[in-house]
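The chain contents come next:
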Amino acid sequence: MMPFPGGIEANPNATLLFSIAAAAIYVLALELSPRLARSAAKTLAVGLLAALAVMQGGPLLLVAALALSAAGDAFLSGDGEKAFLGGLASFLAAHVAYVALFLEAGGGIGLLTAESWRGAIVLALAIFVIVMLAALWRRVGPALRIPIAVYVAAILAMGISALTTFHTWVITGAVLFVASDGLLAAERFLLAAISPHRVWMRYAVWVLYYAAQLAITLGFLLS
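Residues numbered from 1 in each chain as written. Predicted model: local features only at pLDDT ≥ 70, side-chain atom pairs only at ≥ 80, totals over all residues. Heavy atoms only, no water.

Draft legend 1. Structural detail: helix H2 (residues 36-55). Along its 20 residues, H2 runs 27 Å from first to last C-alpha, staying within 8% of the 28 Å computed at 1.5 Å per residue. At Leu44, H2 shows its largest kink, close to 30 degrees. If you check which residues of H2 are buried, you get Arg38, Ser39, Ala41, Lys42, Ala45, Val46, Leu49, Ala50, Leu52 and Ala53. On the buried face of H2, the contacting elements are helix H1 (11-29), helix H3 (60-76) and helix H9 (197-221). At the C-terminal side of H2, Gly57 shows a positive phi close to 65 degrees. (Helix = DSSP H or I, 4+ residues; strand = E, 2+ residues; numbered from the N terminus. Expected span 1.5 Å × (residues − 1). Bend = angle between axes of the 7 residues up to and from the residue. Buried < 20%, exposed > 50% of the residue type's maximum accessible area, 1.4 Å probe, protein only. Contact = heavy atoms within 4.5 Å.)

What follows is the structure, given as structure tokens:
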């Protein structure tokens, strides 16, 4: 059963399936050396979610966040510090768009203290990102410390702002996004180059990330 009316032949459902297929293709190509096909699959997976949001008349901020994320994926599919910083900037902008979207759609900051489970998740997210930033601060060069600190603050704000919404899928997606970024940072900066954990962490980062974007997208489009 498809999530949007019209069956599998309807454009929204077909776009969603192509997005999922692109995400699966990227998983299969993850251990290959960087090449155009792999980069295209990675970028298309979330880029098609942005197209789906446009088709379904989703919020402009959702479209912007997904498009910026796709741009970040395109940067991070390359190698080198410039590609990393380009990806960092794109995802920083995407998180800012998500924060604005969640606060616009949510019930206000007061909701965080009105229900104990929301406050508990906020505390867990805060502890997680503080520990992550402390670990990264000792391992990255001086040129990356401030950009990474700003990014960590942005993703914490994204997670907290998602908790002001009433969409379970959106909250789940935001938490998965934070987890994905945490694993990505650990894999890139904290693990030894020959660590056997790098392989499974690369897969986990992508699966968590794509699931996060998909959950947030469907949370808004199907509500």
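Draft legend 2. Spatial organisation of the environment of Arg202. Position of Arg202 among the secondary structure elements: in helix H9. Of the residues examined, Arg202 reaches a relative accessible area of 31% and is grouped as partly exposed. C-alpha of Arg202 to C-alpha of Ala134: the two residues are 68 residues apart in sequence and 22 Å apart in space. In this structure Arg202 touches Leu30, Glu31 and Glu187, once residues within four positions along its chain are discounted.

Draft legend 3. View of the packing of helix H4 (residues 81-105) against H9. At a minimum axis distance of 13 Å, the contact between H4 and H9 shows a crossing angle of 30 degrees. H9 is crossed by H4, and the crossing has left-handed handedness. Taken together, the residues of H9 that come into contact with H4 (itself represented by Phe91, Tyr98, Leu101, Phe102 and Ala105) are Tyr209, Gln213, Ile216 and Phe220. Across the contact of H4 with H9, the residue classes break down as eight nonpolar, one polar and no charged. (Axes fitted to C-alpha atoms, helices over the stretch in contact; angles between N-to-C directions. Left-handed = near helix turned anticlockwise from the far one by under 90°. Nonpolar A, V, L, I, M, F, W, Y, C, P; charged D, E, K, R; others polar.)

Draft legend 4. Layout of the packing of aromatic side chains. Applying the stated rule across the entire model yields 10 aromatic pairs. Here a set of aromatic residues connected by ring pairs shows up, and it is made of Tyr26, Phe91, Tyr98, Phe102, Phe177, Trp206, Tyr209, Tyr210 and Phe220. (Phe/Tyr/Trp six-rings, centres within 6.5 Å; stacked < 30°, edge-to-face > 60°.)

Draft legend 5. Here's a closer look at the environment of Val152. Topologically, Val152 is positioned in helix H7 (residues 142-162). Sequence spacing of Val152 and Ala114 is 38 residues, and the spatial spacing of their C-alpha atoms is 26 Å. Residue contacts for Val152: discarding those within four places in its chain leaves Val129, Met132 and Leu133.

Draft legend 6. Representation of the nonpolar core in the model. Counting 58 residues, the largest nonpolar core has Leu62, Leu66, Tyr98, Phe102, Met158, Phe177 and Tyr210 as the members making the most contacts within it. Secondary-structure elements contributing two or more residues to this core are H1, H2, H3, H4, helix H6 (116-139), H7, helix H8 (168-190) and H9. At nine residues, the largest contribution of residues to this core is made by H9. Among all residues touching Leu66, those that are not within four sequence positions of it are Val46, Leu49, Ala50, Ala53, Tyr98, Gln213 and Thr217. (Core = buried A, V, L, I, M, F, W, Y, C linked by side-chain atoms within 4.5 Å.)

Draft legend 7. How the structure looks around the pattern of salt bridges. Scanning the entire structure with this criterion turns up three salt bridges. Where Glu115 meets Arg118, a salt bridge forms, and the shortest distance between an N and an O atom there is 2.5 Å. Residue Glu187 is joined to Arg202 by a salt bridge in which the shortest nitrogen-to-oxygen separation is 3.5 Å. Here Glu187 is found in helix H8, whereas its partner Arg202 is found in helix H9, with 15 residues between them in sequence. (Salt bridge = Lys/Arg side-chain N within 4 Å of Asp/Glu carboxyl O.)

Draft legend 8. Here's a closer look at the side chain of Asp181. Within the secondary structure, Asp181 is located in helix H8. Arg188 provides the closest opposite charge to the buried, salt-bridge-free Asp181, at an N-O distance of 9.7 Å. (Lys, Arg positive; Asp, Glu negative; His and termini not counted.)

Draft legend 9. Region of the structure containing the packing of H4 against H8. As a packed pair, H4 and H8 sit with axes 13 Å apart at the nearest point and diverge in direction by 160 degrees. For the element pair H4 / H8, the angle class is roughly antiparallel. In this structure, H4 meets H8 at a crossing whose hand is left-handed. Between H4 and H8, the contacting residues are Phe84, Phe91, His95, Tyr98 and Phe102 on the first element and Val170, Phe177, Asp181, Arg188 and Phe189 on the second. Residue composition of the contact of H4 with H8, grouped by class: seven nonpolar, one polar and two charged. (Parallel < 35°, antiparallel > 145°, perpendicular 65-115°, else oblique.)

Draft legend 10. Highlighting H6. Between the first and last C-alpha of H6 there are 35 Å, a value that for 24 residues agrees with the 34 Å anticipated at 1.5 Å per step. Within the span of H6, buried status applies to Arg118, Val122, Leu125, Val129, Met132, Ala135 and Leu136. Summarising the contacts, the buried residues of H6 are in contact with helix H5 (111-114), H7 and H8.

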